[in-house]
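# Architecture and fold: a report
Residue-level listing of the chains:
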Amino acid sequence: MGLLGRKAKIPLGIYIHVPFCRSKCRYCDFYSLTDADDRLMDSYLDAVCEHIRETGDLAPDYQVDTIYFGGGTPSFFGADGMAAILSIIRRSFDVTADAEITFEANPDSVTPRLLRRLRGEGFNRVSLGVQCDDDRILEEIGRPHNFDQAITAVERIRKAGFKNLSLDLIYGLPEQDLESWEKTLRNVISLAPEHISCYGLKVEEGTPLYACQDMVNLPDDDMQADMYLAMVEILRTKGYRQYEISNFSRRGYESKHNLKYWTGGEYLGFGPDASSDFAGKRFSIIRDLQGYIDGIRSGGQVLQNIQEVPARERAGEYLMLRLRTTQGISREEYEKQFLLPFAPLEQALELCRQRGHALGSENGRWRLTPEGFLLSNSIISDLLLLQERSKPLAKRR
């Protein structure tokens, strides 16, 4: 078949869950272990590599354009393991030459050797967990580093040649107020990252922080809202464009991998507790490292919650995920993809516009304002209820 007749491959993201940490943060409910020895880490590496090899044969029509190592703390796992996994991905999948390849890191485990090795292997983006600039608060929430270490880590990342750096922050932390949060933002902006993620603290059941939340002086919802709106304005004035509820970047430095989640792209996850949306099906991997290792070794079942996603459920996901972004939702996209009427949604969005919670355009595209993002759960819930009641449009002949 000639070049003009070739079918374009489907873009695919790959996520690697690295379930190891030096210590567990008091707010964290992600699946990770703090007592793993070298033998267990080696067994995990063998299992992930084998799983990737087996799965590559199932994706001949796909081309990988984003790879993301999350956790856990991938930098704690080490450069050799990550390099081995990336090599297997390249051998098992068709990876684009300009793929975005990210790894998460904590400041205490960022070493010059690790950075040089990963940069040499082709990693081109770092997501550094800074969270806060107040050492007292960092200690309170169980972070294994201080802010000076974060500054040093950024210097090392730049020296190693990385030109795409994201810094992660949390607001609504114990003892934090609006003034200290604004100070954190100023200090982080001075480090000149290309991307900043800012997440409001959620106290998850089962975490150490959940058990003592009434004793640590957490900011209330109104204070968190003030922090959020101040953050949006401060970052805007410093040239960081908001493109998702919690994410801001210099132009051209949006996280391509995370955009797959928010815009309905396909992705495959590897490692315990990783999730996938691939070939029309959603599924996840068991939240058990040893069970995952044993299952890969024996050819047993490591996937769970496998389901085909009905069209109406995809339509709901379109609303939930796209309204997290500043790209928003479109009448034309919605009706063409899902054959459902947009008019009932548009009426509700018009009310949101009148309240200052949404913006609409003449071509039927709607997005939420920063004030609307604060109420997004309620707004999206109302839209989903309207969607559930709507009848499909007649198919065009």
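Placed above this text is the structure.
Rules used throughout
Residues numbered from 1 in each chain as written. Predicted model: local features only at pLDDT ≥ 70, side-chain atom pairs only at ≥ 80, totals over all residues. Heavy atoms only, no water. Salt bridge = Lys/Arg side-chain N within 4 Å of Asp/Glu carboxyl O. Helix = DSSP H or I, 4+ residues; strand = E, 2+ residues; numbered from the N terminus. Axes fitted to C-alpha atoms, helices over the stretch in contact; angles between N-to-C directions. Parallel < 35°, antiparallel > 145°, perpendicular 65-115°, else oblique. Contact = heavy atoms within 4.5 Å. Nonpolar A, V, L, I, M, F, W, Y, C, P; charged D, E, K, R; others polar. Phe/Tyr/Trp six-rings, centres within 6.5 Å; stacked < 30°, edge-to-face > 60°. Buried < 20%, exposed > 50% of the residue type's maximum accessible area, 1.4 Å probe, protein only. Lys NZ or Arg CZ within 6 Å of the ring centre and 35° of its normal. Arc of directions from axis to C-beta. Polar contact = N/O pair within 3.5 Å; in protein donor to acceptor, adjacent residues only side chain to side chain. Pairing = 2+ DSSP bridges.

Let us now look at the pattern of salt bridges. When charged atoms on two side chains of opposite charge get close, those side chains can pair. As enumerated under the stated definition, the model contains 23 salt bridges in all. With its nearest N and O atoms 2.6 Å apart, the salt bridge here joins E254 to R241. Of the two residues, E254 sits in the loop between strand 8 (247-249) and helix 10 (256-263) while R241 sits in strand 7 (residues 241-244), which places them 13 residues apart along the sequence. Where salt bridges share partners, they join D277, R282, E313, R314 and E317 into one cluster.

Glancing now at the packing of helix 1 (residues 38-56) against helix 3 (residues 79-92). For any two helices packed against each other, one specifies the inter-axial angle together with the distance between the axes. At a closest axis distance of 9 Å, the pairing of helix 1 and helix 3 adopts a crossing angle of 10°. Classified by the angle between their axes, helix 1 and helix 3 sit roughly parallel to one another. Taken together, the residues of helix 3 that come into contact with helix 1 (itself represented by Y44, L45, V48, C49, I52, R53 and G56) are G81, A84, I85, I88, I89 and S92. Residues of the contact of helix 1 with helix 3, tallied by class, amount to nine nonpolar, three polar and one charged.

Under the counting rule described, the total for this entry stands at 17 aromatic pairs. With centroids separated by 6.0 Å and ring planes inclined at 70°, the aromatic side chains of F103 and F162 adopt a geometry described as edge-to-face. With F103 in strand 3 (residues 95-105) and F162 in the loop between helix 6 (147-159) and strand 5 (165-171), this pair connects stretches of sequence that are 59 residues apart. Look at F103 and you get buried, because its relative accessible area is 0%. Taken together, the ring pairs in this structure connect F69, F103, F123 and F162 into an aromatic cluster. One cation-aromatic arrangement involves R250 over Y240; the distance from NZ or CZ to the ring centre is 4.0 Å.

Glancing now at helix 11 (residues 289-298). Burial in helix 11 covers these residues: L289, Y292, I293, G295 and I296. All buried residues of helix 11 project into a common sector of 165° when viewed along the axis, lining one side. Across from the buried face of helix 11, at angles greater than 90 degrees, the exposed residues are R297 and S298. Of the surrounding secondary structure, the elements contacted by the buried residues of helix 11 are helix 1, strand 9 (266-270) and strand 11 (281-285). Capping the start of helix 11, D288 holds a side-chain oxygen 3.2 Å from the backbone nitrogen of Q290, two or three residues further along.

It is worth spelling out the pairing of strand 11 at this point. Working note: regular strand, side chains alternate between the two faces of the sheet. Among the five residues of strand 11, four are classified as buried, and the element is accordingly described as predominantly covered. In the sheet, strand 10 (residues 275-278) pairs with strand 11 via four bridges, with the strands oriented antiparallel. Across the sheet, the residue bridging to S276 is F283, located in strand 11. Hairpin geometry of strand 10 and strand 11 is characterised by an intervening segment of two residues between the two adjacent antiparallel strands and by a positive phi of about 55° at A279. Pairing geometry for strand 11 and strand 12 (residues 303-308), over four bridges, is antiparallel. From the neighbouring strand, R282 faces strand 12, where its bridge partner is Q307.

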